[in-house]
Amino acid sequence: NFLSRTVEILDKHSNVGLVYTQSVIVTPNEDLDYISYKNYMSDLSPDKWNKDYMEDGETECSKYLVVRNTIPNVSAVLFRKNILTQADTIVTFSKLCGDWLTYCNVLKKSDIYFISDFLNYHRFHSDTVRELTFKSGVYVYDLLRSIDWILKNFKIKDDKKNIAIGGFLSEW
């Protein structure tokens, strides 16, 4: 269902370069968590991720992706190939945030579409690259460089810059 729904959006909207869906977290105990990602983004907008939407890519980056990676699971994403291969920069400096920066690169050239249905399953456990980089301190360094890259590549309003920097400091 994931592939048929996301391909349908790309076929319908030629301006969309990235379509993604809501994810269900699969816990180490095989429980399904339908709430965590919605909570993770609710402070940015209480309603945005409750329904399908299409947004200008630059707007999405300057309002939401500058603050945090609002697409926390790349397996929930389908890219339009010709847009992905035209991305301005290939991000090689980031072990953890490369997906986030790739989204922003794609969205410099295209729009984004979100499908609010849970069509993706994201396994979450303590041995993921994400968890290991948190423990090693690599995450903080990657996060700082990633926010810096986004601030340099998009027109970001001061209030969003302050939120992004405040978010970084709270992680540090």
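What you see is a predicted model, and the numbers here were worked out from it, not measured in a lab. (Residues numbered from 1 in each chain as written. Predicted model: local features only at pLDDT ≥ 70, side-chain atom pairs only at ≥ 80, totals over all residues. Heavy atoms only, no water.)

**Structural notes on helix 1 (residues 2–12)**
Of the residues making up helix 1, those classed as buried are Phe2, Thr6, Ile9 and Leu10. Viewed along the axis of helix 1, the buried residues span an arc of 100 degrees, placing them on a single side of the element. Exposed and facing more than 90 degrees away from the buried side of helix 1 are Asp11 and Lys12. Where helix 1 is buried, its residues touch strand 1 (16–26), strand 4 (77–79) and strand 5 (111–123). (Buried < 20%, exposed > 50% of the residue type's maximum accessible area, 1.4 Å probe, protein only. Helix = DSSP H or I, 4+ residues; strand = E, 2+ residues; numbered from the N terminus. Arc of directions from axis to C-beta. Contact = heavy atoms within 4.5 Å.)

**Thoughts on the pairing of strand 1**
Regular strands place their side chains on alternate faces of the sheet. Among the 11 residues that make up strand 1, 11 are buried, leaving the element largely enclosed by the rest of the structure. Note: strand 1 against strand 4, 3 bridges, orientation antiparallel. Pairing of tyrosine 20 across the sheet is with valine 77, part of strand 4. (Pairing = 2+ DSSP bridges.)

**Notes on the state of the cysteines**
Going through the model one piece at a time under the given rule, you end up with 0 disulfides. A disulfide-free cysteine, cysteine 61 has its sulfur positioned 3.6 Å from the sulfur of cysteine 104, the nearest such atom. In this structure cysteine 61 comes out as buried when scored by relative accessible area, which is 0%. The class for cysteine 104 is buried, based on a relative accessible area of 0%. (Disulfide = S-S within 2.5 Å.)

**Some details on the pattern of salt bridges**
Oppositely charged side chains can pair when the atoms bearing their charge come close. Taken as a whole and judged by the stated rule, the model has 5 salt bridges. A salt bridge links arginine 68 to aspartate 43; the shortest N-O distance between them is 2.8 Å. Within this pair, whereas arginine 68 is found in the loop between helix 3 (57–65) and strand 4, its partner aspartate 43 is found in the loop between helix 2 (36–42) and strand 3 (53–55), the two being separated by 25 residues in sequence. Among the salt bridges present, the one from lysine 48 reaches glutamate 55, with a minimum N-O distance of 3.6 Å. Of the residues examined, glutamate 55 reaches a relative accessible area of 22% and is grouped as partly exposed. Three or more residues are tied together by salt bridges with common partners; here these are Lys48, Glu55 and Glu60. (Salt bridge = Lys/Arg side-chain N within 4 Å of Asp/Glu carboxyl O.)

**Things to note about the nonpolar core**
Formed by 33 residues in total, the largest nonpolar core has its most connected members in Leu18, Tyr20, Trp49, Trp100, Cys104 and Ile150. When residues of this core are traced back to their parent elements, those giving at least two are strand 1, helix 3, strand 4, helix 5 (98–107), strand 5 and helix 7 (138–153). If near-sequence neighbours (up to four positions away) are discounted, cysteine 104 is found in contact with Cys61, Leu65, Trp149, Ile150 and Phe154. Counting residues in hydrophobic clusters, the runner-up holds 9 residues, among them Leu10, Val16, Tyr113 and Leu119. (Core = buried A, V, L, I, M, F, W, Y, C linked by side-chain atoms within 4.5 Å.)

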